[in-house]
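Spelled out from the first residue to the last, the chains are:
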Amino acid sequence: MSGRKPPLGDIKEHPAEVTAPRGCVGEKIIDKIKRSIKEERTFFSFEYFPPKTEAGVMNLYNRIDRMVAKFEPLFVDVTWGAGGSTAKLTLEISRNAQNYCATDVLMHLTCTNMPRDSVKDALDKAKEAGIRNILALRGDAPLGKETWEQCDEGFAHAIDLVKFIRQEYGDYFGIAVAGYPEGHISSPNLDEDIKHLKLKVEAGADFIMTQLFYDVDLFLEFVQRCRKAGITVPILPGVMPISSYNAFKRMIAFTKASVPKHVHDALEPIKNNDAMVKAFGIELGIKMLKKILASGVPGFHFYTLNLEKSVTKSAGNVVVTVVIDVFYLQQGSTCVPFVRRVNNPFSPPPSIIDSCWSWTC
């Protein structure tokens, strides 16, 4: 996005219900990714989820505003909520983040509890707000239910949602879909899951964002298997630095992601020491980012859990932005906006980019 943003202070008494100014039409993220690749510039993005209270929503706007101003991510994305529980709020936060924080937003949209008319309404409102990017997901089971069920007059799979968006809106929206380095929990095996992923791409998805992982080798193998299967769109690795032991355990239990033995071994003796866990999270995050970038993947996606860390380590209690700061400072560079860097020293040579990031356009 470009242009002057309205003051964030305009969002006051009811932050989740403010109507953002019209006219701030976003850019398709796939176009920004392609431009970054062509210009050999490293990029990244942040994910946020809708808070449960109005005060939390206001805090989130301020946090997004600070993080966007400092790091200028390629985009931010806003989740839909378990079982579609935050549908209205997701749309409102996406609209306000894009218009008040001057960043392109990737809005999540799921099939859970969403009849066709509700999906159409959400997409119409997203378009009206100038949002041009959708992450199309099947979604999780509603709260209180163990299994996912298709709702009446709804969609059964993410591919159905992708097809619907392309059918109704043509190429207005950029579409992302989810990828699972170890396979989706409902798939019989990874090969079968990759077949379904390819079908989503063929239906109109522009790029793939992966579930979080802690074993970089599994992600790199997943990328290679996707390429061999004929998937040529960008695949963004999902990274969630460890900020607390309990949060880490909860997320692993939820996603079923594998954790290398050396990570378990390092965390076990320090799990009750928050400071040491955070320090280890920074160290592990830096190593992961280095390995990801060295492989030729020039960008990554951060699952922030709505958390933030100031430049000074003592000012906050979260890891994500510290990982970025420390990583780039260790490389002998100040942490300036990636997408505006010229002669970025961390971008891989074109030969590596070509092998890992190929295009069909």
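Report follows, based on the coordinates. Please read these numbers as outputs of a predicted model, since none were measured by experiment.

Overview of helix H3 (residues 87–100)
Between its first and last C-alpha, H3 extends 20 Å over 14 residues, near the 20 Å set by a 1.5 Å rise per residue. With 13 of 14 residues buried, H3 is to be regarded as a mostly interior element. In the stretch just after H3, Ala102 is the one whose phi turns positive, near 55°.

Overview of the packing of helix H2 (residues 54–71) against H3
The interhelical angle for the contact between H2 and H3, taken along N-to-C directions, is 35°, at an axis separation of 10 Å. Like other packed secondary-structure pairs, H2 and H3 cross with a definite hand, here right-handed. On H3, the residues that touch Val57, Leu60, Tyr61, Ile64 and Asp65 of H2 are Leu89, Glu92, Ile93, Asn96, Ala97 and Tyr100. In terms of residue class, the contact of H2 with H3 is built from eight nonpolar, one polar and two charged.

Comments concerning the environment of Arg41
Here Arg41 shows up in the loop between helix H1 (29–38) and strand E1 (43–48). Side chain to side chain, Arg41 and Glu39 meet in a polar contact 2.9 Å long.

Describing the nonpolar core
Within the largest apolar cluster, 85 residues are counted, with the highest numbers of intra-cluster contacts made by Leu109, Leu123, Tyr214, Ile242 and Leu267. Ranked by residues supplied to this core, first place goes to H2 with eight residues. For Leu267, the contacting residues outside a window of four places in its chain are Ile242, Tyr245, Phe248, Val277 and Phe280.

Description of the pairing of strand E8 (residues 299–303)
Buried residues dominate E8, accounting for five of its five residues. Of the two faces of E8, both are covered, the one formed by Gly299, His301 and Tyr303 as well as the one formed by Phe300 and Phe302. The pairing of E1 with E8 spans five bridges and is classified as parallel. When the bridges of E8 are listed, Ser45 appears paired with His301.

Remarks on the pairing of strand E3 (residues 105–110)
Most of E3 sits out of view: six of its six residues are buried. Pairing of strand E2 (residues 75–78) with E3 involves three bridges; the strand directions are parallel. Within the sheet, the bridge partner assigned to Val78 lies in E3 and is Met107. Strand direction decides the pairing type here: E3 and strand E4 (residues 133–137), joined by five bridges, are parallel. Residue pairing in the sheet places His108 in a bridge with Leu135 of E4. For the handedness criterion, the β-α-β arrangement of E3, helix H4 (residues 116–128) and E4 is classed as right-handed.

Reading the values: the criteria
- Along each chain, numbering runs from 1 in the same order as the chain's sequence is written.
- Given that the model is predicted, a residue must reach a pLDDT of at least 70 before its local features are reported, and side-chain atom pairs must reach 80 or more before they are shown or counted; all residues, however, enter totals for whole chains, interfaces and linings.
- The basis for every side-chain value is the complete set of heavy atoms in the structure, and neither hydrogens nor water enter the calculation.
- Working definition: helices are DSSP H or I runs of at least four residues, strands are E runs of at least two. Numbering for both runs from the N terminus.
- Here, expected helix span is obtained from the residue count minus one, scaled by 1.5 Å.
- Using a 1.4 Å probe on the protein chains alone, a residue whose accessible area is under 20% of its type maximum counts as buried, one over 50% counts as exposed, and one in between counts as partly exposed.
- In this description, a line fitted to the C-alpha atoms serves as the axis of each element, helices being fitted only across the stretch in contact, and the angle between N-to-C directions of two axes falls anywhere from 0 to 180 degrees.
- Handedness of each helix crossing follows the sense of rotation of the near helix against the far helix: counterclockwise by less than a right angle gives left-handed, clockwise gives right-handed.
- Two residues qualify as a contact provided that any one of their heavy atoms is within 4.5 Å of a heavy atom in the partner residue.
- Residue polarity follows a fixed list, in which Ala, Val, Leu, Ile, Met, Phe, Trp, Tyr, Cys and Pro are nonpolar, Asp, Glu, Lys and Arg are charged, and the others, Gly among them, are polar.
- Any pair of N or O atoms that falls within 3.5 Å is considered a polar contact. Within protein, one atom must be able to donate a hydrogen and the other to accept it, and sequence-neighbouring residues count only if both atoms are side-chain atoms.
- Throughout this description, the term nonpolar core refers to a set of buried Ala, Val, Leu, Ile, Met, Phe, Trp, Tyr and Cys residues connected via side-chain atoms within 4.5 Å.
- Only when DSSP finds a minimum of two bridges between them are two strands counted as paired.
- Whether a crossover is right-handed comes down to one check: with the strands pointing away from the viewer, does the path from the first strand over the helix to the second run clockwise; if it does, it is right-handed.

Function cannot be read off these values alone, since they describe shape.
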